[in-house]
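# Commentary on secondary and tertiary structure
Take a look at the letters that make up each chain.
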Amino acid sequence: MLGFTSVSLGQQLEPDRYVGSQVCRDCHLQQTQAWEGSHHDMAMKHADQESVLGDFSNVQFEFNQQINRFFKRGDQYWVNIQGPDGKFNDYQILYTFGWQPLQQYMVQFEDGRVQLIPFAWDSRPALQGGQRWFHLYPDTTPTDEFYWTNSGQNWNFMCADCHSTNLKKNYDSATDTYNTQWSEINVGCEACHGPASRHVELARSGEFTLDKHSQFGLTRDLSQAVSEWVYQPDNHTLQPKDIASTDQLQTCAQCHSRRTQLNETHDHVQGSFLDRYRLSLITPELYHHDGQIYDEDYVYGSFLQSSMAEKGVTCTNCHDPHSAKLKMPEQVVCNQCHLASEYTPEKHTFHPADSEASKCTTCHMPETTYMQVDPRRDHSWHVPRADISQHINTPNVCTSCHEGETPQWADQQIARWFPQSKYRNQQHFAVAFYAEAIGHSGAEDALAYLAQDASLSDIIRGSALERMAGNSGRNTTVALARAVKHQSELIRLGAVAGSAGYAFGDRWQILEPLLSDPVLSVRAEAAGALVAHYHAMDDGQKELLNEPLSDYLEIQHYNSDRGFGLVNLANVQRDIGELGQAELLYIKAIEIEPHFENSYANLADLYRIQGKEDAALAILKQGIQAQPRSSALPYSLGLALLRANQPQAALSYLHQAAKTAGNDPQYWYVYGLALEKTNLLAANEALNRAYQVGGNPQHLYAQCEVLARNYHSNSIDAEFQDCIAELARIAPAQVIEQLKSQIK
């Protein structure tokens, strides 16, 4: 591994080289001392006496009735734990990862892979339940992505770019090996400020300019966006006098965001963030329907939803950039902009002063605990909306404390406290997002309106566009036509997925302008979407596609250490007609990441379009064995068996898919329809389950229709009447009468 520890005073450095944090210490002692011992400093370390917090004094830890051991050999740290072969082996710990409230440990293998072991050290005080070993993912098996030797716990891809400075992944696809290197093992000064060699040269030469905009030889402006906040009458918060463009947010977002890395060559600070990273939008996998955090989103996606972001607030308005701690006590942080006289317990919180319930963060930055012991606050600063949560079951800060109460109670209480509130019963994007999730007929237009609502943040508008995938109505078309011309890259990015419901000719017209988009993520994803129609393109269209498609392929090659990168490469080969190359890439994806279900599903589709039905069935069965927790693979196999006229075998796999997925309404719906001819009551139950878990009225209608269709040959009067009664609460009377007429 590369490392720079010192530079002699007379040494002349070439511009834009990394020099190491120790060089900064001579002139920036106060900042260095604040950084030392911080989360950034401790992000990753060589395992030694100073960095290791866990107990390695030959400690035994029992998990699943098996003994794991943590011990030392001289100055080295070792573990004896179970490997993927089911056998217990000794592994040397080379690196520590983080430190509070937990510390993880890493093992390096001969192929250059660095993997995080499944056991972590709870570094909290013993009185808080800490000072113990625990298993981070106790339910994982060797076929799961997050099993410790699999891709989900691979440092080189998953973690390294954020926990070390100037990291180069150096993956060799030909040998499936890594030679990952860094300038500093942890998050040092230059991880944020950029390479400092020019800065050091100027400092030593005494040639610093007094122009602050030169950044004294550094390339990044990490200042706050607002230099002065002003009071406006009748406004309870100070307003920005002016908002400047700085590099601070994009610099922090490199690590404090949920994203996919696209390359190591583009500058995400001087250019667009989306030139180097593909930011995850507000998806159901990561966020609740109202934008509250669900999975780990690492702050940036939440922050972009907020009024704070709109007003020019940046990270260092609240946090010291070197220690990463709050710059001042919590209440004082908020009172920098929010007038203390207007946000008293009597006027705003309605809870006792100095209580936990009266803190700003309790209601506006609720915590979600990840990794069992690590609570993290939501940075979207949503106003609590019990009026919404009572209808769409989103988390509510009121009932999270008052556990015995309901959202309805909370909504009534808020109405008494804030009778003139501009928020309560105000239209909210959550309703449209929820409607889309359950397949409501009004969702399409609602999403189209959201996408065009200038009062919403760009990330919400982009997310609304992304969720429109499959729609093609008039309002959707208008929303997409406007989105591809919008100045916001997040909105243009959302339009790519949002156009998926159109036939090629129309989709080309919508997305063609994005093929020359200045932002890499946008033009690459547009090319990746359109290449699926390659054989329908004329020569001129193919010519326009070539350059952005090359960008798309470079991104996938960079990520070819993961199954998704290879599958995306294979999909392009399939689309341009190189079926043999596509097959080889799918097979390679299975080899390097055997638990990644998409590889099997796509390869099975390839075999099917070639008429190789037996090969398709075989690869799906292989995938189910490799990833037994998959629901998509048994679902695909069930459909394939239906096409092969093997209904009994198909039912078994469709049932497996529905049970494994649990709450996927589509799987229960298809399973219910497939059961109609063999077990009507079971079909009725499955279709009702589809409606109960998804709330889609079409699924309830299908349940009633199946019962009506089979009414005279089965004793199902009670079931039919129950179904009709439930449908009558949401469907027009003529629909009910039409169904009833089928049984007369």
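Position labels on residues start from 1 in each chain and follow its written sequence. With the structure being a predicted model, the display of local features is reserved for residues of pLDDT at least 70 and the display and counting of side-chain atom pairs for 80 or more, all residues being used for whole-chain, interface and lining totals. Hydrogens are left out, water is left out, and the side-chain values use all remaining heavy atoms of the structure.

Attention shifts here to the state of the cysteines. A covalent bond bridging the sulfur atoms of two cysteines is what the word disulfide describes. Here, two cysteine sulfur atoms that lie within 2.5 Å of each other are counted as a disulfide. The full count for this structure, using the stated rule, is one disulfide. The residue that forms a disulfide with cysteine 704 is cysteine 723, at a sulfur-sulfur distance of 2.1 Å. Disulfide cysteine 704-cysteine 723: the torsion about the S-S bond is -105°, which places it as left-handed. Pair noted here: cysteine 704 is in helix α32 (residues 697–709) and cysteine 723 is in helix α33 (residues 717–728), with a separation of 19 residues, a long-range link. Each residue's exposure class comes from its accessible area (1.4 Å probe, protein chains only) as a fraction of the maximum for that residue type: buried when under 20%, exposed when over 50%, partly exposed otherwise. Using a relative accessible area of 2% as the deciding quantity, one classes cysteine 723 as buried. Left unpaired, cysteine 318 is separated from the closest cysteine sulfur, that of cysteine 334, by 7.0 Å. Unpaired in terms of disulfides, cysteine 360 finds its nearest cysteine sulfur in cysteine 334, a separation of 3.7 Å. In DSSP terms, a helix is any run of H or I states spanning at least four residues, a strand is any run of E spanning at least two, and both are numbered starting from the N terminus.

Let us look at the UniProt feature "domain: Cytochrome c-552/4" (unreviewed entry) in the protein. Residues annotated in UniProt with the feature "domain: Cytochrome c-552/4" (unreviewed entry) correspond here to residues 23–50 and 157–194. With 36% helix and 11% strand, the stretch residues 23–50 has end C-alpha atoms that lie 21 Å from each other. Measuring from the first to the last C-alpha atom of residues 157–194 gives 22 Å, for a span that is 29% helix and 11% strand. UniProt positions are given in the numbering used here, feature names are shortened, and annotations may be inferred rather than shown by experiment.

Before going further, it helps to spend a moment on the pattern of salt bridges. For salt bridges, the criterion is a side-chain nitrogen of Lys or Arg within 4 Å of an Asp or Glu carboxyl oxygen. All chains considered together, the criterion is met by 30 salt bridges. Residue aspartate 90 pairs with arginine 73 through a salt bridge whose shortest N-O separation is 2.6 Å. Of this pair, aspartate 90 sits in strand β5 (residues 88–93) while arginine 73 sits in strand β3 (residues 66–73), and the two are 17 residues apart along the sequence. A salt bridge links arginine 629 to aspartate 144; the nearest nitrogen and oxygen atoms lie 3.5 Å apart. Remark: aspartate 144 occurs in the loop between β10 (132–135) and α3 (155–158) and arginine 629 occurs in the loop between α27 (613–626) and α28 (632–643); sequence separation between them is 485 residues. Through salt bridges that share partners, Asp111, Arg113 and Asp176 make up one connected network.

With that out of the way, let us pick up the environment of aspartate 297. Along the chain, the position of aspartate 297 falls in the loop between β16 (277–279) and α8 (300–303). Taking the relative accessible area as the measure of exposure, aspartate 297 reaches 5% and is therefore buried. Sequence separation of aspartate 297 and histidine 440 is 143 residues, and the distance between their C-alpha atoms is 27 Å. At a separation of 3.0 Å, a polar atom in the side chain of aspartate 297 contacts the main-chain amide nitrogen of valine 299. Side chain to side chain, aspartate 297 and serine 302 meet in a polar contact 2.5 Å long. Counting of polar contacts relies on pairs of N or O atoms within 3.5 Å, with two restrictions inside protein: one atom must be capable of donating a hydrogen and the other of accepting it, and residues adjacent in sequence are counted only when both atoms are side-chain atoms.

Moving on, we get to the side chain of serine 630. Among the secondary structure elements, serine 630 is positioned in the loop between α27 and α28. You can call serine 630 buried: its relative accessible area is 2%. A polar atom in the side chain of serine 630 sits 3.3 Å from the backbone nitrogen of alanine 632. A polar atom in the side chain of serine 630 sits 3.1 Å from the backbone nitrogen of leucine 633.

What follows covers helix α18 (residues 458–466). Burial within α18 is extensive, with eight of its nine residues counted as buried. Among the residues of α18, those classed as buried are Ile459, Ile460, Arg461, Gly462, Ser463, Ala464, Leu465 and Glu466. The contact definition used throughout considers only heavy atoms, calling two residues in contact when any of these lie within 4.5 Å. Against the buried residues of α18 lie β16, α8, α16 (429–438), α17 (443–451), α19 (474–483) and α20 (489–498).

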